[in-house]
Amino acid sequence: MAKSKQTVSVGNRFELLVQSVTDYAIYMLDPHGRVSSWNAGARRFKGYDPDEIIGAHFSIFYTPEERALEIPRIALETAERDGRFEAEGWRLRKDGTRFWANVVIDPIRDPEGHLLGFAKVTRDLTERRAAEEELRRSEERFRLLVQSVTDYAIYMLDPEGHVTSWNAGAERFKGYRADEIMGQHFSRFYSDLDRAAGIPGIALETARRDGRFEAEGWRIRKDGSRFWASVIIDPIRNDDNQLIGFAKVTRDLTEKRAIEEQLRQSQKMEAVGQLTGGLAHDFNNLLTGISGSLEMMQIRSAQGRTSDFDRYFTSAQGAVKRAAALTHRLLAFSRRQTLDPKPTNVDRLLHGLEELIQRTVGPGVEVVLAGADRLWPTLIDPNQLENAVLNLCINARDAMPDGGRVTIVTANQSLDERAAREQGLNAGDYVAVSVTDTGTGMPPEIIAKIFDPFYTTKPIGEGTGLGLSMIYGFARQSGGQVRVESQMGRGTMMRLYLPRHSHDAQPDANPDQALSLTAARDGEVVLVIDDEPTIRMPVSEVLADAGYAVIEAADGPAGLEILNSSARIDLLITDVGLPGGLNGRQVADAARTTRPELKVLFITGYAENAAVGGGKMDKGMFVLTKPFQMKDLADRIRDIIES
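Residues numbered from 1 in each chain as written. Predicted model: local features only at pLDDT ≥ 70, side-chain atom pairs only at ≥ 80, totals over all residues. Heavy atoms only, no water.

(A) Structural view of the packing of helix H18 (residues 533-545) against helix H21 (residues 630-642). In the contact formed by H18 and H21, the axes pass within 11 Å of each other and the chain directions differ by 50°. Taken as axis vectors, H18 and H21 run oblique relative to one another. Between H18 and H21 the crossing geometry is right-handed. Residues Pro 538, Val 539, Val 542 and Leu 543 of H18 form the contact with H21, whose participating residues are Met 630, Leu 633 and Ile 637. (Axes fitted to C-alpha atoms, helices over the stretch in contact; angles between N-to-C directions. Helix = DSSP H or I, 4+ residues; strand = E, 2+ residues; numbered from the N terminus. Parallel < 35°, antiparallel > 145°, perpendicular 65-115°, else oblique. Left-handed = near helix turned anticlockwise from the far one by under 90°. Contact = heavy atoms within 4.5 Å.)

Okay, structure coming up:
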């Protein structure tokens, strides 16, 4: 016998579907607005059972305020006329509580178009509205916070850089009201020079690419005045990671910068005070030695005892050399000394210095020199490297009051991009010179200051604080770097990095060569320009002894007048710093327009590289740094003339 098959009509299936929905109130109204059906969702969040609500007018769900405005009637009329009514608003539950509802009313018509009633779907959005309201309040609080900030300009830009928001801080120190600046491009805050260099565009591109741009620089107010600004730009992206603009925060640091500048000036004056004590002590000693030697020579000359002159000569010359070394320290600190770079074999130089180092540090300190196998040459001023190494060894000795060991090591080092960046250098090949002691070491706060000019841990009068500044200046001006590693109780290592040179080092000159000049040929003439008579006199006499005709001038214009005449001039010797409005380089350049083959020797005590072309001189131009010995002058003149 066949089983009976239970069937469910299409209409019944839809009714079951509607009745099972609990997240939406789905019910019907007759043409007059009375409830004619009721589902589980309506019962759940409106609170009425079907027998309580069917037949009642749906306006019962509206607030008294909306009933007074006849909103229920308007809703049905709109649905009938337009085919749909949708709104959000407060609705009432059975217990009188309110909930925020989304309401949709659709008309129901028979095939002939007659109105049968309305389908009404209501959704409870109370929780979503609460979240949106909290977000709105949060955004409002944030807006009020941003708008209340007056010490920072906080505003937004669109992706092209146009201003889209403006806070009180921006108005206060940039000078624009919101209605004046909204929609304007932010580049108007930059100087003409920065705009010409494309800085605003670079800033946005950097923020877009790297996720952040940060810088300090001058910015322009509405009235044209400048202020020193700290600027941060961050990109703003939506949930799809699309760029929708930039957040820009600017702070006016003009006053802070001025205070810092005053502090730097105060520290500079304090440093000058520290400097004068050490220099006065050193120079007074040196001047006393020179003056005493000259006085004794005068006394012995009157007594006819000229046999003692050599001793006084030696003493005075030694004091002059020490004074020259001290001025070189000052110039190296300021990076204004004229270096005389030569291709140098550092190992050979240090082996020649080893005995002097040992005598200087004393018998209580062991000196160990470890050279590299086939050390690369480097282009440096060998005298300055000698001074640097000697200074480092003296510092090492002072750090070992009970004796110890100083180890001097040379090495070839090739630095890649990462290693070079860590050392503050460009990638490439370097010669490293390390001086390591077994002394007391230094704490981090001392290491942070050791290269500062005039900083010293020695007692007043025992040091100028220029030694390490000189070493730092020499290394940087030579294209290298100096680094320090130290631990308390475990010693210190100072390492110089000097760039590798492509040519081999020259053999050392003979230091014992006697003072001599190649004899002048037929009528050779030298023009000497120097504003200091005590320098012109010995230079002229050395030249005259070799048979040269010497013409003297005391300033630039006088020297140039001679050079513009028909007088024969085979060599120009000129100071760099001259009175009269023309320096030595200007005189030489002017003279070479009419005497293109003229050889020039610059003698300079100020040693300003810019005066001789930033350290780069034309062919046939040479430099000799004051103070110099007459032997050095004679050697240089001989080399120039023979070349």
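That covers the picture; the talk isn't over yet.
(B) Expanded view of the packing of aromatic side chains. For the structure on display, the rule yields 16 aromatic pairs. Ring centres 5.1 Å apart and planes at 85° place the aromatic pair Trp 90 and Trp 100 in the edge-to-face group. Within this pair, whereas Trp 90 is found in strand E2 (residues 85-92), its partner Trp 100 is found in strand E3 (residues 98-109), the two being separated by 10 residues in sequence. In textbook terms, an aromatic cluster arises when at least three aromatic residues are bridged by ring pairs, as seen for Tyr 27, Trp 38, Tyr 48 and Phe 61. The ring centre of Phe 189 lies 3.8 Å from the NZ or CZ of Lys 174, which sits over that ring. (Phe/Tyr/Trp six-rings, centres within 6.5 Å; stacked < 30°, edge-to-face > 60°. Lys NZ or Arg CZ within 6 Å of the ring centre and 35° of its normal.)

(C) Local environment of the sheet that holds strand E17 (residues 549-553). In space, the five strands of this open sheet follow the order E17-E16-E18-E19-E20, with parallel pairing throughout. What marks the edges here is a single partner per strand, and that holds for E17 and strand E20 (621-625). Strand-to-strand, the axes of this sheet are offset by a mean angle of 20°, without reference to chain direction. Where strand E19 (residues 599-604) lies against E20, five bridges are found, and the strand directions are parallel. Bridged to Leu 601 within E20 is Phe 622. Lying over the sheet, helix H19 (residues 556-563) contacts strand E16 (525-529), E17 and strand E18 (571-575), oriented at roughly 140° with respect to E17. (Pairing = 2+ DSSP bridges.)

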